[in-house]
Amino acid sequence: MNKKLKIIAPICIALAILYIIIASKPLSPEIQFVPVWTLDLESYTKGEEITSTPEDFTNAVSFKMGQNLGYFTPEGKLLSYITFPYKATVSDTSYTLYGTSSQEMQIFSPAGSESGKIKVTGFPYFMEDRKFIFLPGGSSFSKLNEDGSVAWTYEGFTPITAFSSSKTGIVAGYSDGSVISFDNEGNIQQNYQPGGSTYQVILGAAISESSKYIATLSGQGGQRFVISKKTDASYGSHTSIVFYKSMEEELNRQVLIKFTKDEKKVFYNSATGIGIVNCRNFKNTELPVKGRILSILESGSGKEIFILSKEGNTYTVSTIESFDAFAGSFSFNAESACIAVKDNSLFVGRDGKISRIDIIHR
Amino acid sequence: MKKLIITLTTILALSSLAVSALFAFDWPQNEILSDSFYSYFAQLRGGTIGTSLVFSESKEVKAADDGHIIAVISEHDEDELFESTLGNAVILAHKDSLVTVYANLDAENLPSLFAMTKVATGTSFGTTGTSSWQEGEGCLEFQVLDIKNRTYVNPRILMPCIGKELPLSIKDVVAISKKGTVYDLGTVKTMPSGVYQLYRERQEIAMPYKTTVFINGAVAESLTYDTLTENNGKICVNGKKNYDVATMYPNEKQQFLGEVTFTKGKDSIMVVTADILGKEKQIVYTVEVR
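Since the model is a prediction, treat every value here as computed from it, not as a measurement. (Residues numbered from 1 in each chain as written. Chains lettered and ligands numbered in written order. Predicted model: local features only at pLDDT ≥ 70, side-chain atom pairs only at ≥ 80, totals over all residues.)

Draft legend 1. Structural detail: the domain arrangement of chain B. All names here are of chain B. When the domains of chain B are assigned, the result is domain 1 (25–158) and domain 2 (174–289). Using only C-alpha atoms to locate each centre, domain 1 and domain 2 end up separated by 31 Å. Contacts between the two partners involve 15 residues from domain 1 and, on the opposite side, 14 residues from domain 2. Elements with a minimum of two residues in the side of domain 1 that touches domain 2: strand S3 (48–49) and strand S12 (151–153). Ranked by residue count, the leading element in the side of domain 1 that touches domain 2 is S12, at 3 residues. Per-class residue counts for the side of domain 1 that touches domain 2 are 8 nonpolar, 5 polar and 2 charged. (Domains from an automatic or database assignment. Contact = placed C-beta atoms within 7 Å. Helix = DSSP H or I, 4+ residues; strand = E, 2+ residues; numbered from the N terminus. Nonpolar A, V, L, I, M, F, W, Y, C, P; charged D, E, K, R; others polar.)

Draft legend 2. Examining the sheet that holds strand S9 (residues 123–127) of chain A more closely. All names here are of chain A. The strand order across the open sheet built from 4 strands is S9-S10-S11-S12, with neighbouring strands paired in antiparallel fashion. Only two strands of the sheet have a single neighbouring strand rather than two, namely S9 and strand S12 (150–155). Strand-to-strand, the axes of this sheet are offset by a mean angle of 20°, without reference to chain direction. (Pairing = 2+ DSSP bridges. Axes fitted to C-alpha atoms, helices over the stretch in contact; angles between N-to-C directions.)

Draft legend 3. Representation of the nonpolar core within the structure. Formed by 153 residues in total, the largest nonpolar core has its most connected members in A:Ile257, A:Val266, B:Val90 and B:Tyr102. The biggest single contributor to this core is strand S17 (residues 199–207) of chain A, with 7 residues. (Core = buried A, V, L, I, M, F, W, Y, C linked by C-beta atoms within 7 Å. Buried ≥ 20, exposed ≤ 12 C-beta atoms within 10 Å, placed from the backbone.)

Draft legend 4. Geometry of the domain arrangement of chain A. Residue and element names in this part refer to chain A. As far as domains go, chain A holds domain 1 (41–155), domain 2 (169–288) and domain 3 (293–362). With 5 residues, strand S2 (residues 61–65) is the single largest residue contributor to the side of domain 1 that touches domain 3. Within the side of domain 1 that touches domain 3, the residues separate by chemical class into 6 nonpolar, 3 polar and 2 charged.

Draft legend 5. Representation of the pairing of strand S29 (residues 337–342) of chain A within the structure. All names here are of chain A. For S29 and strand S30 (residues 345–350), the ladder comprises 6 bridges, and the chain directions are antiparallel. Counterpart to lysine 342 in the pairing with S30 is serine 345. Where S29 folds back onto S30 in an antiparallel hairpin, the turn is made up of 2 residues, including aspartate 343, whose phi is positive at roughly 55°.

Draft legend 6. The arrangement of the confidence of the model for chain B in detail. Looking at chain B as a whole, its pLDDT mean stands at 91, while 90% of the residues score no less than 70. Contacts of residues 12–21 of chain B to residues separated by more than four positions or lying in other chains number 0 contacts, the stretch itself having pLDDT below 50. (pLDDT = per-residue confidence, 0-100.)

Draft legend 7. Representation of the sheet that holds S17(A) in the model. Residue and element names in this part refer to chain A. Pairing is antiparallel in the open sheet, where 4 strands are placed in the order S17-S18-S19-S20. Strands at the two margins of the open sheet, each flanked by one partner only, are S17 and strand S20 (236–246). Here the strands of the sheet are splayed against their neighbours by 30° on average, with no regard to which way each runs. For strand S19 (residues 224–233) and S20, the ladder comprises 10 bridges, and the chain directions are antiparallel. Its bridge partner being in S20, lysine 230 is matched across the sheet by threonine 239.

Draft legend 8. Fine view of the interface of chain A and chain B. Counting residues at the interface gives 38 residues for chain A and 43 residues for chain B. Elements with a contribution of two residues or more to the side of chain A that touches chain B: S9, S12, strand S13 (160–165), S17 and strand S25 (292–298) of chain A. Within the side of chain A that touches chain B, the residues separate by chemical class into 16 nonpolar, 17 polar and 5 charged.

Draft legend 9. Here's a closer look at the environment of A:Glu286. All names here are of chain A. Along the chain, glutamate 286 falls in strand S24 (residues 284–288). Judged by C-beta crowding, with 16 C-beta atoms within 10 Å, glutamate 286 ranks as partly exposed. Considered as a pair, glutamate 286 and alanine 325 are 39 residues apart in the sequence and their alpha carbons are 9.5 Å apart. Not counting the four nearest positions on each side in its chain, glutamate 286 is found in contact with Ser270, Thr272, Gly273 and Gly275.

Draft legend 10. Geometry of unusual backbone geometry. A positive phi angle, close to 55°, is found at A:Phe282, a residue other than glycine. Mapped onto the fold, A:Phe282 is located in the loop between strand S23 (273–278) and S24. Judged by the 12 C-beta atoms lying within 10 Å of it, A:Phe282 is exposed. Phi at B:Asn104 is positive, roughly 70°, even though this residue is not glycine. With respect to the helices and strands, B:Asn104 occurs in strand S8 (residues 98–105).

Here is the structure:
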């Protein structure tokens, strides 16, 4: 017995050492959040002057927090700070302020110069460099040109409950459960109903960058998250449903849905948190997120997704990495908050302060 | 005597039941009189053909019938979503493919509304606020939709009528030719034959339920404001054709009556407006058409 042990033991130890040498590999880079600067906005509300040059605005980042909006540079210089009495819509390229029935609304550049005028009444909505206005009655909208003039209008017969746009298309979801997508010239590209529910209604909608995919959260009594795909063929184009997931818990409020710029993934706010669908293999992942999702933003590299959610007065910023896992989150109490992303920097606004947090992999 | 009282009471009760059965919905807020509305269905509203009945006083808002809440629209001051001009609103599905919309609600009731699914007639949705697009004294914005027939329905045809209607007027009726020449029918004596669009002076609030144009005793155009339909991406009033907002309301002052053809000879043009109770007002013009 001792003889056998004397032979076997060294062999086992040698094999173990060999395995450790062969199987070992370097640790993958870990994500790190590095605070860079914090901008105190309160000093500007007390009358401190804002100085800027035209060059400052070339890379301006917009923010809207509470009844205030403005722009700052990624380096931490505040460029403008505006208080508005009722509502406003802002993007990195322009903003406008409006009232309950404004007949005319000026469009301003980040530098504050007038770049256009909207002469139809309604509630404007700016998304990146695209401008829209929702008309009285809730069922119609117009696409606006850069100068605020109306490019085209679509009047529906039922309230619009979901709306989004991308570089190449626009999608509107309606309270009768129908989904209509348009190209930038206003031509209807797709018109369908995801269906599958007792009551048809669209609560969230998104269109991918090339307009190939549309994602919706729809229905009551059998609520579903559905991805449809537009296929062009010689006989014309048609829409097919390529993915659906039945929701275990149903919502009756409007929700945010976002495609990544490369159309590889789509994120949606479900009752339990955030759902992620891979548009290549249609694998669905769900991650718990506290509260209602307010923003879903993609980092410049596309490796991270940042989510701002709110439950009561508690805001949470969550980060999801490219393999659909939580990289980290932090929460804080505030009256108002916002997030913005420029390249690989995350900006978090909280009441009277904005902070820049860089994301690095080490 | 006792038998008489019982008989009369029974007849009265049955009559009330019959009357209430004719109407699909209860009013979404109490104290409805003829001046309870700020804007009527199909009236010009913010550059569009109004699809809503807008109330002029802020009262408690209630479900008009049993139903299922299919969506609660809210303001989006903090998130990336669009701002609907309905503001905070509840969309309720009923039987027979009817849907009701209660818009411009106050935000304080949203948490309870998000938790609701089935509601009974009279369930409170809170009071109105300032969340929606609204002019002047506009409060509750109420809509009825027929999903099956894809139409907006004038809510007043589904509700009991209470009180007197606002008086209608027929003034400044003009005929506009295809070339854009305007003929005031109140003063013109002769005009060329051809196709014309007739307009009356639009009233700020009061809205006819029906307008009819007779040419020499025959109905040339009849517009009934009981439904609005969507046609090629435009909300339309239905008559001989589908008339969109550009035709119905070419400006703030005029309202479309119809497209008519004047043939050579002496033409008698009668314009009739009727309110929802059927009370009519009419005016007659005579022109020599050459």
